[in-house]
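Listed here are the chains, written in short residue letters.
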2 protein chains.
Amino acid sequence: MDLKDYLKKKGLKLTKQREKIITHFLNKDKHFSAEELYNAMKKRMPGVGYATVYRTLNLLVRAGLATKISFGENITRFEPLHRNEHHDHMVCIGCGKIVEFKHPKIERLQKEVARRYNFYTQSHALELYGYCKKCRKKNISKEKK
Amino acid sequence: MDLKDYLKKKGLKLTKQREKIITHFLNKDKHFSAEELYNAMKKRMPGVGYATVYRTLNLLVRAGLATKISFGENITRFEPLHRNEHHDHMVCIGCGKIVEFKHPKIERLQKEVARRYNFYTQSHALELYGYCKKCRKKNISKEKK
DNA sequence: ATTTAATTGAAAATGAAAATCAATATCAAC
DNA sequence: GTTGATATTGATTTTCATTTTCAATTAAAT
Ligand SMILES: [Mn+2]
Ligand SMILES: [Mn+2]
Ligand SMILES: [Zn+2]
Ligand SMILES: [Zn+2]
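Calculation notes
- Residues numbered from 1 in each chain as written.
- Chains lettered and ligands numbered in written order.
- Predicted model: local features only at pLDDT ≥ 70, side-chain atom pairs only at ≥ 80, totals over all residues.
- Heavy atoms only, no water.
- Near = heavy atom within 4 Å.
- Polar contact = N/O pair within 3.5 Å; in protein donor to acceptor, adjacent residues only side chain to side chain.
- Helix = DSSP H or I, 4+ residues; strand = E, 2+ residues; numbered from the N terminus.
- Nonpolar A, V, L, I, M, F, W, Y, C, P; charged D, E, K, R; others polar.
- Buried < 20%, exposed > 50% of the residue type's maximum accessible area, 1.4 Å probe, protein only.
- Contact = heavy atoms within 4.5 Å.
- Buried area = accessible area lost by both parts, 1.4 Å probe.
- Salt bridge = Lys/Arg side-chain N within 4 Å of Asp/Glu carboxyl O.
- Donors = N, O, S within 2.8 Å, 3.2 Å for Na, K, Ca; no water.
- Tetrahedral: all angles 85-135°; square planar, octahedral: opposite > 155°, others 65-115°.

Draft legend 1. Main features of the protein's contact with DNA strand C. Taken together, 22 residues surround DNA strand C, and among them Tyr54(A), Thr15(B), Arg18(B), Thr52(B) and Arg55(B) come closest. Here DNA strand C approaches the protein such that, of its atoms within 4 Å, sugar and phosphate make up 72%. Within the backbone of Leu14(A), one N or O atom sits 3.0 Å away from a phosphate oxygen of DNA strand C. Between DNA strand C and Thr76(A) there is a distance of 2.8 Å, counted from a phosphate oxygen to a backbone nitrogen or oxygen. For the surface near DNA strand C, the secondary-structure elements that each account for two or more residues are helix H4 (50-62) of chain A together with helix H2 (16-27) and helix H4 (50-62) of chain B. For the surface near DNA strand C, the leading source of residues is H4(A), giving four residues. In terms of residue class, the surface near DNA strand C is built from seven nonpolar, eight polar and seven charged.

Below, the structure written as structure tokens:
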């Protein structure tokens, strides 16, 4: 964990709640919303406050250990960055399932477009919205009724 | 305008404010936020209410003449759909400028990935965040100071 | 012109996220 | 280990974007 380095550098403290929230967040490989993470933490730390979860999540972003992402809902989600492998997302609008994928060729073509427009890209977001295999099947059987 | 068809079909009415808001929105080729459009309309229709702008924008989405998009800010933007040509976006995080681009090859590769994962794509979002040429220059000259 | 239902603007309500603040916990210095 | 400065906590309030409510107004079909 080079979180400790960050905290020391900034004169911040490692509290019990931070430790537990961060451990939970970084271990589960999910795209947590603040609410989801809060609910998960309540079970292990009944006293936690909502605000602490928000604060910790933002701390992780500042420390470079997480990023904010949004999947078309009007809520912010957070994604651990410790694996540090860039990827994009497929989001099932039926069940909410999120599938990660990599596609180097697409990445390359994105750079190409940017260059064409004299645009200096810092980050990008690519999301496919649709139905996963399961939800697709469900939809088809519904339509038949 | 096949907006009138939609209104008739749904038993809705074409009011003065709707007419003006919609005309303004569809003519300017911008990615309006509700607030921006409200401010633009206030000048032409001092009495308009904020709620009416929101309602009209949502009406356009329901009618299939606009879509909601979000560019990483925590506000919703609306994009006219009348040209009906799909495109993706480059967003300048310096000046807010939005550049539209098309890249059929990227689109094709997206479909390919989806197929690979048995994912049935309904829509997608691809946004490049970075600096436009102008803002790039500004940044460089700042760094030198 | 009459009637009916949709629409409007103002204000209140909502929901996610951030800010406030008094009480508490961390941790570096002793 | 104790102390003390200061960062953090949880509860609460505030903010901000968006939606809802509601009484008054307006569109448009008859
Ligand atoms: Mn991911
Ligand atoms: Mn556009
Ligand atoms: Zn699904
Ligand atoms: Zn710019």
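Still to come is the rest of the account.
Draft legend 2. Seen up close, the protein's contact with DNA strand D. As a matter of local geometry, DNA strand D sits amid 23 residues, with Lys13(A), Arg18(A), Thr52(A), Arg55(A) and Tyr54(B) nearest to it. If you look at DNA strand D and keep only atoms within 4 Å of the protein, 73% of those are sugar or phosphate atoms. Residue Thr52(A) places a side-chain N or O atom 2.2 Å away from a phosphate oxygen belonging to DNA strand D. Only helix H2 (16-27) and H4 of chain A together with H4 of chain B provide two or more residues apiece to the surface near DNA strand D. Among the residues forming the surface near DNA strand D, the class breakdown is seven nonpolar, nine polar and seven charged.

Draft legend 3. Local environment of the environment of Lys4(A). All names here are of chain A. Looking at the secondary structure, you find Lys4 in helix H1 (residues 3-10). Since its relative accessible area comes to 48%, Lys4 is described here as partly exposed. Expressed as a C-alpha distance, the spacing of Lys4 and Tyr38, which sit 34 residues apart in the sequence, is 23 Å.

Draft legend 4. Highlighting the interface of chain B and chain A. Each partner contributes residues to the interface: chain B has 34 residues there, and chain A has 34 residues. Roughly 3000 Å² is buried in total at the junction of chain B and chain A, and carbon and sulfur atoms are behind 70% of that figure. Looking only at chain B, the three residues that lose the most surface to chain A are Phe119(B), Tyr120(B) and Leu128(B), adding up to 19% of its buried area. Between chain B and chain A we count zero salt bridges in total. The tally of links from chain B across to chain A stands at ten residue pairs in polar contact (both at pLDDT 80 or more). At the level of secondary structure, the elements contributing two or more residues to the side of chain B that touches chain A comprise strand S4 (88-92), strand S5 (98-101), helix H5 (104-116), strand S6 (120-131) and helix H6 (133-144) of chain B. Ranked by the residues each element gives to the side of chain B that touches chain A, the list is headed by S6(B), at twelve residues.

Draft legend 5. Highlighting the coordination of the zinc ion (ligand 3). Residues and elements named next belong to chain A. Binding of the zinc ion (ligand 3) to the protein goes through Cys92 (SG), Cys95 (SG), Cys132 (SG) and Cys135 (SG), at separations of 2.2 to 2.4 Å. What the four donor atoms of the zinc ion (ligand 3) show is an angle range of 102 to 116° at the metal, which sorts the shape as tetrahedral. Coordination of the zinc ion (ligand 3) draws on donor residues from a single chain, spaced C-x2-C-x36-C-x2-C in sequence. Its relative accessible area of 11% is what places Cys132 among the buried residues.

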